[in-house]
Amino acid sequence: MRFRLTESPMNTGTQMARYIFITGGVVSSLGKGLASAALGALLQARGYTVRLRKLDPYLNVDPGTMSPFEHGEVFVTDDGAETDLDLGHYERFTGVHARQTDSISSGRIYSNVLEKERRGDYLGKTIQVIPHVTNEIKDFLRIGQDEVDFMLCEIGGTVGDIEGLPFFESIRQFIHERPRGQSILMHLTLLPYLAASGELKTKPTQHSVKELQSIGLAPDVLVCRSEHPIPEREIEKIALFCNVRKESVVPAYDLKTIYEAPLAYHRAGLDQAVLDAFGISPAPKPNLARWEDVMDRLTHPEGVVRVAIVGKYTQLEDAYKSIAEALTHGGMANRTKVKAEWIDAEIFEREDPAPYLENFHAILVPGGFGERGTEGKIKAAQFAREKKIPYLGICLGMQMAVIESARHLGGMGNAGSEEFDQESGEKRFTPVVYHLKEWVQGNHTVTRKTTDAKGGTMRLGAYTAVLKEGSKVAQVYGTTTIEERHRHRYEVDIRYRDKLEACGLIFSGMSPDGKLPEIVEVKNHPWFIGVQFHPELKSKPFAPHPLFADFVRAAMEQERLV
Ligand code: GLN
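Residues numbered from 1 in each chain as written. Predicted model: local features only at pLDDT ≥ 70, side-chain atom pairs only at ≥ 80, totals over all residues. Heavy atoms only, no water.

Colleague: Any details on the pairing of strand 11 (residues 249–253)? Residues and values, ideally.
Modeller: The buried count for strand 11 comes to 4 of 5 residues, which makes it a mostly enclosed element. The sheet contact formed by strand 10 (residues 221–226) and strand 11 spans 5 bridges and is parallel. Counterpart to Leu222 in the pairing with strand 11 is Val249. Taken together, strand 10, helix 8 (residues 232–242) and strand 11 constitute a β-α-β crossover, and its handedness is right-handed. (Buried < 20%, exposed > 50% of the residue type's maximum accessible area, 1.4 Å probe, protein only. Helix = DSSP H or I, 4+ residues; strand = E, 2+ residues; numbered from the N terminus. Pairing = 2+ DSSP bridges. Right-handed = clockwise from strand over helix to strand, strands pointing away.)

Colleague: Talk me through the site of the ligand; I want residue IDs and the actual numbers.
Modeller: The full set of residues close to the ligand is Gly367, Gly368, Phe369, Cys395, Leu396, Gln399, Glu419, Arg487, His488, Arg489, Tyr490 and His534. Separating an oxygen atom of the ligand from a backbone N or O atom of Tyr490 is a distance of 2.8 Å. Contributing elements (two or more residues each) for the shell around the ligand: helix 16 (396–408) and strand 21 (481–488). Its residues assigned to classes, the shell around the ligand comprises 4 nonpolar, 5 polar and 3 charged. (Near = heavy atom within 4 Å. Polar contact = N/O pair within 3.5 Å; in protein donor to acceptor, adjacent residues only side chain to side chain. Nonpolar A, V, L, I, M, F, W, Y, C, P; charged D, E, K, R; others polar.)

Colleague: Any chance you could break down the pairing of strand 21 for me, citing the residues and the numbers?
Modeller: Counted residue by residue, strand 21 has 6 buried out of 8 residues, so it is predominantly covered. Note: strand 20 (residues 459–467) against strand 21, 8 bridges, orientation antiparallel. Directly across from Tyr463, in strand 21, lies its bridge partner Glu484.

Colleague: Got a sec to walk through the sheet that holds strand 10? Specific residues and values, please.
Modeller: The pairing of strands in a sheet comes from backbone hydrogen bonds and takes either a parallel or an antiparallel form. An order of 5-2-6-1-7-10-11 is seen for the 7 strands of this open sheet, with the pairing classed as parallel. The two strands at the open ends of the sheet, each matched to only one other strand, are strand 5 (103–105) and strand 11. Each strand axis lies, on average, 20° off the axis of its neighbour in the sheet, ignoring direction. In this structure, strand 2 (residues 50–56) lies alongside strand 5, joined through 3 bridges in parallel fashion. Its bridge partner being in strand 5, Leu55 is matched across the sheet by Ile104. This element, helix 10 (residues 270–277), spans strand 1 (18–24), strand 6 (150–155), strand 7 (183–190), strand 10 and strand 11 of the sheet and lies at about 160° to strand 10. (Axes fitted to C-alpha atoms, helices over the stretch in contact; angles between N-to-C directions. Contact = heavy atoms within 4.5 Å.)

Right under this line is the structure:
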C-alpha cells in the first residue's frame, strides 16, 4: 500500500514535499524528537514517504566534538555526519537512513555564510541575519524536497531562545513563500499540574503560543504533554485561547516505553490532525501491524537476561542511547527482556571484577575515547574470555579485547593503544592498536594528518567489511559482505594478525583491501565478538540488528544463571 500525495484527492499537481515544522515551548526535554519520529512512523503507516530533519540552534558546527555529558550520544550517518541523537530516534522509528543534510546547527549555517563572505560570494554586500543567514537556512530546508511526501523538520530548544530566532524567522518566510496549505506547524507544550488545587494549568501553553505568534507563526497542531488526563473543558480552553481547532489539540501522556509512541499518538489523533491540517481527505487508512507486533514483543517477554555494560559515561544513559535501544531490540527478537546495568570500568582497576560480573548473562564494552577506564575494560574482556561469558566489544571495546588477548595469550605484556601514549606524551605501550592516517573509502584513498582539526580526523560513516566464510559473524549476519558505520581514529594493527591468530583470535571481518581488521572473534568461546564499527546505530525495533539479536540469544543460553 503506497499513496503518493500526488494521487490524493487534494492533488495540487506539485511533486514537492509537504513540510511539517515541529517546535517546542514552555520547557525543554518534552520529547519533541520522539513525537516527530512517531509522526513519521504514522505517516509511513498510511503509505506516505517521509524524511526527518533536525535544526539545532547551538553554535557548535556539529556535535562531533561535544562531550557525551553535554549532548548525549553522537549519532553517525552512513555518509559520515556526526549528528544529534534525535536522528537515531528518527531512524529507529522510520527505518529511513539519515544523511548529512538532515542535521544542521546555527554553527554550521554561520560557518557556511562566513566562508561565502570570505570567498567574496556576496559581492561586497553587508552580511546580515536577514536575508543571508535565513536564506542559507531556507536553502538547507529545500534539499531533497522532491524526494518524499512529507519532510518533518524539528527545531531544537524552545520558542523564545535567542539562538533559535533565525530558524523561526526562516520557517516563517519558508511557509509564506510556498503555496498555501503546503506547510504546517506542530507545537509541543507542557500542561503543569498543581497538586494543591488538583488542576492542570494551560497558561504556559497560551504564553508559548503567543510567543510564536509574535514572530509570525501560528501552530496548526498543538501537542500537550501532561502527567494527568486532560479534561475536555481544558482542551476546549486551549483551542479557544491558542486559536487551534479542538481536534488539533492532541494530548500526550507519559508512556511505559518509547515504542508505544506511534500507537499512543495514533489513538490520541495526531496523524489525523496533521492530515486534516493539510486538508487531505479522505486520509488513507493506517496499517499499524508493525507497531502492534513491536508492542506485543516488548510487553510479553518470556524471559529476562542481564547484560553488564562496562563503560565510562555510565552516569548518563543518553551517552550510549543507541546501545541501550539495540539491546532492547535484541531482546525483542528473542521475546526476552534485557536488563542492562551500567558499570563504571574504573572500578575494575581497583577491585576484582568477579563479584560484579559473575551474575550477568553477558558483558558489553562500548565505544569510548581516551585512556581513563581502559584497564578496567581490559579486565572485563579478560573475565568474559576466561569465564566463557558472551562478550560484545564495540569499537574501543574491540580494541581492548585485542589488547587483552595480546597481553595474556600472546605474551605481549605491554600491548596497548597509541591513543593512550599520544594522550600522555610518553612511550609506554607496544601499539597493537595504532593511529590510522590513511585508508581506502570506496575507490579513493583518505589521508589524515595529526595536525588536522579535531573534528576532522576520524574514519566516519559506512564502510564495507568482508566476512570470513564459516565464521560466527558470517553465520550471524547470514552473508559475507556487510556495511556498518564507523567513528574512530585508531585501528588494530594487521601486522600482529598471525601472532594473535596463533594464540586464539580469529580475524573474521576485514576491510575489502584486507588491511583493516573489522571484526575479531575468540576461538573456543561460546560467543566473543569484537567489532570496530557501531552496529547499534543500525538496529531498529522492527528489524533488530543480527549481532544484538544473537548476542542476546547467546546470553539466554548461559545456564549457570537462572
Ligand atoms: N578511541 C578509539 C578510536 O578512536 C575508539 C573510538 C570509539 O570507540 N568510537 O579508535
